[in-house]
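The lines below spell out each chain.
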Amino acid sequence: MSALASTGGGADAAGAAPAAAADAAPGGRLVDQFERGLDAPICLTWELTYACNLACVHCLSSSGRRDPRELSTAECKAVIDELERMQVFYVNVGGGEPTVRRDFWELVDYAVAHRVGVKFSTNGSRIDDERARWIAASDYVDVQISLDGATAEVNDRVRGPGSYATAMRALGRLAAAGASAPKLSVVVTRENVGQLDGFKAIADAHGAQLRLTRLRPSGRGADVWDELHPTAAQQRQLYEWLLAHGEQVLTGDSFFHLAAYGRSLPGLNLCGAGRVVCLIDPVGDVYACPFAIHDQFLAGNVRDRGGFAGVWRESELFARLRAPQGGGACGSCGFYDSCRGGCMAAKFFTGLPLDGPDPECALGHGETLLARRDRSTPPPRPSADHSRRRPARRGPAAPPERACDEDPIAAFLRREGVRR
Amino acid sequence: MTFDLDRRWRLSEQVALRPEPFGALAYDFGTRRLSFLKSRALLALVEALGAHPSAREAARAVGVAGGELDRCRQALAVLAATGMIRAQAAP
């Protein structure tokens, strides 16, 4: 028994828990310690704005329009001060498109000056040559370019026309600037699961590291999940591919439910919601995880009297999440110890009970339940919807290549070759 | 993996330690590597390294001995291999 466990290099904890060896520790298994919660998150996701110049069909935060209640620059800096005091080593910054905030680079600068590392996700539209060089030269700043197809055809159906070219251009600029291992971040869907080797090739060609995450039925994702989530056969294929590639490919630990195919994937295999991770949304609301923007998972707001630390330490919701959980309908399953019933948000937004199987349960129990759902009671909807009511137009916030001047949802449904 | 207990070691400047009930989180801002020190004894030892002429002296000072020292030695070897602690020139 070693007294040390560590990640394979490059902690990666956006969605769930960080990748980590979870063998026995003197006080019990680390995974059990983490389930009881830590004094501060290991890392957290911070969506800085709901504004976005794209309108991806599966956006987990239903982003589009800026919320007028958005945290001010000063409020954001106060949150960073708290994170420094709590020794949160890094934040995963997203949105919306975080770089459309005018103070975005100022906030990044402020965070790293206060020993809070920043990993930010972007569609790449604001990464010009100068910014790429700045990123390459900045310690403690990591960038993650989102791409959901290894070809423009597959990507643009989900992320909007022109978004593939935008992302590839950003990757090229980062590579030219010598940025160290930017991440290529892919949400695995029914349409792109056959392109995993293609994504890996794109990442390799740009000196980037591939990161695959799970499509959740969160935000607008709820509208397209039925047709875009991988089939059971595709999940199996994904599992084999992840096993073959091991720790070269990051996953944000988001596929731990696939452990029920046999072997656990690298990572903690734990839902970290409210225990080791959480979400701060653009208006300061603190949710248990980035995929659970719903009142039921709202723990408080950073503008509350105790600030973020008060929410993390005193929220009743988080206390409940950190209490021992029974396995419910999954308790008798031989794989419960590795899969733990899967993803809370995936269950919630597909209308399944939280104490039962994940909708994508590797053993098929989720599919059975989905088929039996009572269609007269629709699943819960996200509490906040900032989707633009009309398609994005060219304007100050839009990328120069008119990435999104068509309704991407219609584009998605239209399929190739048929014009509206 | 062996670890030379008789050398002087120190924590890398790139590494931050955050005490937790199970031990500590250790984050390397350079490699972005997150590690878990899985006992308070190991944390105490790592924190003491820089103030003593050898790791063995540091262990003695914080009361880490016997089987616990063996376990900590393995962990120190991993921390050294990943650059989170660094050997110092002899004083």
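These numbers were taken from a predicted model, which means no experiment stands behind them. (Residues numbered from 1 in each chain as written. Chains lettered and ligands numbered in written order. Predicted model: local features only at pLDDT ≥ 70, side-chain atom pairs only at ≥ 80, totals over all residues.)

On to the overall build of chain A, then. Of regular secondary structure, chain A possesses 15 helices and twelve strands. Taking all 420 residues of chain A together, 56% fall into the buried category. Long-range contacts, defined here as pairs at least 24 residues apart, represent 69% of the contacts in chain A between residues at least 6 apart. (Helix = DSSP H or I, 4+ residues; strand = E, 2+ residues; numbered from the N terminus. Buried ≥ 20, exposed ≤ 12 C-beta atoms within 10 Å, placed from the backbone. Contact = placed C-beta atoms within 7 Å.)

Residue and element names in this part refer to chain A. Across the sheet, nine strands lie side by side as S9-S8-S7-S6-S5-S4-S10-S11-S12; this open sheet has mixed pairing. Where the open sheet ends on each side, the last strands, each with one partner, are strand S9 (209-214) and strand S12 (298-301). When strand S11 (residues 285-287) meets S12, the two strands line up antiparallel, connected through three bridges. Opposite Tyr287, over in S12, you have Leu298 as the bridge partner. (Pairing = 2+ DSSP bridges.)

This part is about the packing of helix H2 (residues 73-85) of chain A against helix H3 (residues 104-113) of chain A. Residues and elements named next belong to chain A. Close contact between H2 and H3 brings their axes to 10 Å; oriented N to C, the two are set at 20°. Here H2 is positioned roughly parallel relative to H3, judged by the angle of their axes. Between H2 and H3 lies a crossing whose hand is right-handed. Between H2 and H3, the residues in contact are Thr73, Cys76, Lys77 and Ile80 and Glu106, Leu107, Tyr110 and Ala111, respectively. (Axes fitted to C-alpha atoms, helices over the stretch in contact; angles between N-to-C directions. Parallel < 35°, antiparallel > 145°, perpendicular 65-115°, else oblique. Left-handed = near helix turned anticlockwise from the far one by under 90°.)

Let us now look at the packing of helix H1 (residues 40-48) of chain B against helix H3 (residues 66-81) of chain B. Residue and element names in this part refer to chain B. Contact geometry of H1 with H3 gives a least axis separation of 10 Å together with a crossing angle of 65°. H3 is crossed by H1, and the crossing has right-handed handedness. Contact with H1, carried on its side by Ala41, Leu42 and Leu45, involves Glu68, Cys72 and Ala75 of H3 and no other residues of that element. Across the contact of H1 with H3, the residue classes tally to five nonpolar, no polar and one charged. (Nonpolar A, V, L, I, M, F, W, Y, C, P; charged D, E, K, R; others polar.)

All names here are of chain A. Taken as a whole, helix H10 (residues 307-314) has its buried residues at Phe308, Val311 and Trp312. An end-on view of H10 places all buried positions within 95° of arc, on one side of the element. Of the surrounding elements, those touching the buried residues of H10 are H2, strand S10 (279-280), S11, S12 and helix H11 (316-322). (Arc of directions from axis to C-beta.)

All names here are of chain A. Note that the residue after Gly95, namely Gly96, is joined by a cis bond; omega there is 15°. By the element assignment, Gly96 lies in the loop between strand S5 (90-94) and H3. At Ala181, a residue that is not glycine, the phi angle is positive and equals roughly 40°. Summarising the element assignment, Ala181 is placed in the loop between helix H6 (163-177) and strand S8 (183-188). With a phi angle near 55°, Asp253 is a residue other than glycine that sits in the positive phi range. Its place among the elements puts Asp253 in the loop between helix H9 (232-245) and S10. Exposure remark for Asp253: the 26 C-beta atoms within 10 Å place this residue in the buried category.

A word on helix H5 (residues 152-159) of chain A. All names here are of chain A. Burial analysis of H5 places six of its eight residues in the buried class, the great majority of the element. Those residues of H5 not exposed but buried are Val154, Asn155, Asp156, Arg157, Val158 and Arg159. Once H5 ends, the next one or two residues include Gly160, with phi positive near 105°.

Moving on, we come to the nonpolar core. Membership of the largest hydrophobic core comes to 142 residues, with the highest contact counts inside it found for Val91, Leu184, Tyr287, Cys289 and Ala292 of chain A together with Leu45 of chain B. Discounting chain neighbours no more than four positions away, the residues touching Ala292 of chain A are Ser218, Ala273, Tyr287, Phe297, Met344, Ala345 and Phe348 of chain A. (Core = buried A, V, L, I, M, F, W, Y, C linked by C-beta atoms within 7 Å.)

The subject of this paragraph is the pairing of strand S3 (residues 23-28) of chain B. Residues and elements named next belong to chain B. In terms of residue burial, S3 counts as a mostly covered element, since six of its six residues are buried. Pairing geometry for strand S2 (residues 15-20) and S3, over six bridges, is antiparallel. In the strand pairing of S3, Leu17 is matched with Ala26. The hairpin formed by S2 and S3 contains two residues between the paired strands. Pairing of S3 with strand S4 (residues 33-37) involves five bridges; the strand directions are antiparallel. Residue Ala26 lies in a different strand from S4, and its bridge partner there is Ser35. Joining the antiparallel neighbours S3 and S4 is a turn of four residues, in which Arg32 adopts a positive phi near 60°.

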